[in-house]
Amino acid sequence: MQHYHAILTAPFASAKLGIRMQGAALCSLDFVAPEVDDLPAENPDAANVVQQLMRYFSDPAYVFSMPLACAGTPFQRRVWQALREVPVGQPCRYGDLARRLSSGPRAVGGACRANPVPIVVPCHRVVSATGLGGYSGVTQGLSTELEIKRWLLDHERS
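This section reports on the structure supplied with the text.

Calculation notes
- Residues numbered from 1 in each chain as written.
- Predicted model: local features only at pLDDT ≥ 70, side-chain atom pairs only at ≥ 80, totals over all residues.
- Heavy atoms only, no water.
- Core = buried A, V, L, I, M, F, W, Y, C linked by side-chain atoms within 4.5 Å.
- Buried < 20%, exposed > 50% of the residue type's maximum accessible area, 1.4 Å probe, protein only.
- Helix = DSSP H or I, 4+ residues; strand = E, 2+ residues; numbered from the N terminus.
- Contact = heavy atoms within 4.5 Å.
- Pairing = 2+ DSSP bridges.
- Expected span 1.5 Å × (residues − 1).
- Polar contact = N/O pair within 3.5 Å; in protein donor to acceptor, adjacent residues only side chain to side chain.
- Disulfide = S-S within 2.5 Å.
- Salt bridge = Lys/Arg side-chain N within 4 Å of Asp/Glu carboxyl O.

Here the focus is the nonpolar core. Formed by 43 residues in total, the largest nonpolar core has its most connected members in F12, L17, I19, L53, F57, L83 and I119. Every element with two or more residues in this core is listed here: β1 (6–9), β2 (16–22), β3 (25–32), α1 (44–58), α2 (74–83), α3 (94–100), α4 (105–113) and α5 (144–157). Considering every element that reaches this core, the biggest residue donor is α1, with six residues. Aside from chain neighbours lying at most four places away, what touches I119 is F12, L17, L29, F31, L53, Y56, F57, F64, H124, Y135 and L152.

With respect to burial, β3 is a largely interior element, seven of its eight residues being buried. Of the pairings in the sheet, the one linking β2 to β3 comprises seven bridges and is antiparallel in character. Residue pairing for β3: R20 is matched across the bridge by S28. In this antiparallel pair of consecutive strands, β2 and β3, the connection spans two residues, and G23 shows a positive phi of 65 degrees.

Before going further, it helps to spend a moment on α1. Helix length check: α1 (15 residues) gives 21 Å between terminal C-alpha atoms against 21 Å at 1.5 Å per residue, within 8%. Of the surrounding secondary structure, the elements contacted by the buried residues of α1 are β1, β2, β3 and α5. A side-chain oxygen of the first residue of α1 lies 3.0 Å from the backbone nitrogen of D45; this N-cap is N43.

Here S14 is to be found in the loop between β1 and β2. We classify S14 as buried; its relative accessible area is 13%. A polar contact is formed between the side chain of S14 and the side chain of E147, at a distance of 3.5 Å. With near-sequence residues (within four places) excluded, S14 lies in contact with P34, T144, E147 and I148.

Let us look at the side chain of Q52. On the secondary structure map, Q52 appears in helix α1. With a relative accessible area of 3%, Q52 lands in the buried category. A distance of 2.8 Å separates a polar atom in the side chain of Q52 from the backbone nitrogen of S65. Among all residues touching Q52, those that are not within four sequence positions of it are Y62, F64, S65 and M66.

Counted under the stated rule, the structure contains zero disulfides. The thiol of C27 is unpaired, and the distance to the nearest cysteine sulfur, on C70, comes to 7.9 Å.

Summed over the entire model, instances satisfying the criterion amount to six salt bridges. The closest approach of N and O atoms between E85 and R100, which form a salt bridge, is 3.5 Å. Of the two residues, E85 is situated in the loop between α2 and β4 (92–93) and R100 in helix α3; the sequence distance between them amounts to 15 residues. Between E156 and R125 there is a salt bridge whose closest N-O contact spans 2.8 Å. With E156 in helix α5 and R125 in the loop between α4 and β5 (126–127), this residue pair connects regions lying 31 residues apart in the sequence. Across the pair, exposure class does not vary: E156 and R125 are buried alike.

Keep in mind these numbers describe shape, not what the thing actually does.
Here it is in structure tokens:
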């Protein structure tokens, strides 16, 4: 298992959140198996990420304000920035976001799939023209990832 600076029980029962830091910045937020033990934050920066995630889970309108260290291509970074501008409770479609970025829906989907910090960079707010769409690379069936996406969208609609 990867080294995490904290592991947090999330309100969705299907996974926990593994937090990895690069210095003071969040570099990865992974879904880990629910049977993995929680790990208290190893340092104040990881504690800040945990605190902000907990605030989001209690208030879906909470705006994250933590430094990020996300490795990605220039296009992926453009998509991730655009995702942070999608309003809470107002999902957009892959095609609509693609048009805004002068790109294609599949390219936007690929950038969403590569997002190293889901929830903080809210790729769950992008849906397909015909339904839920994918999440973390999973596009169909009964999966932890799609269950989490549904939970996040429902949480933000409340």
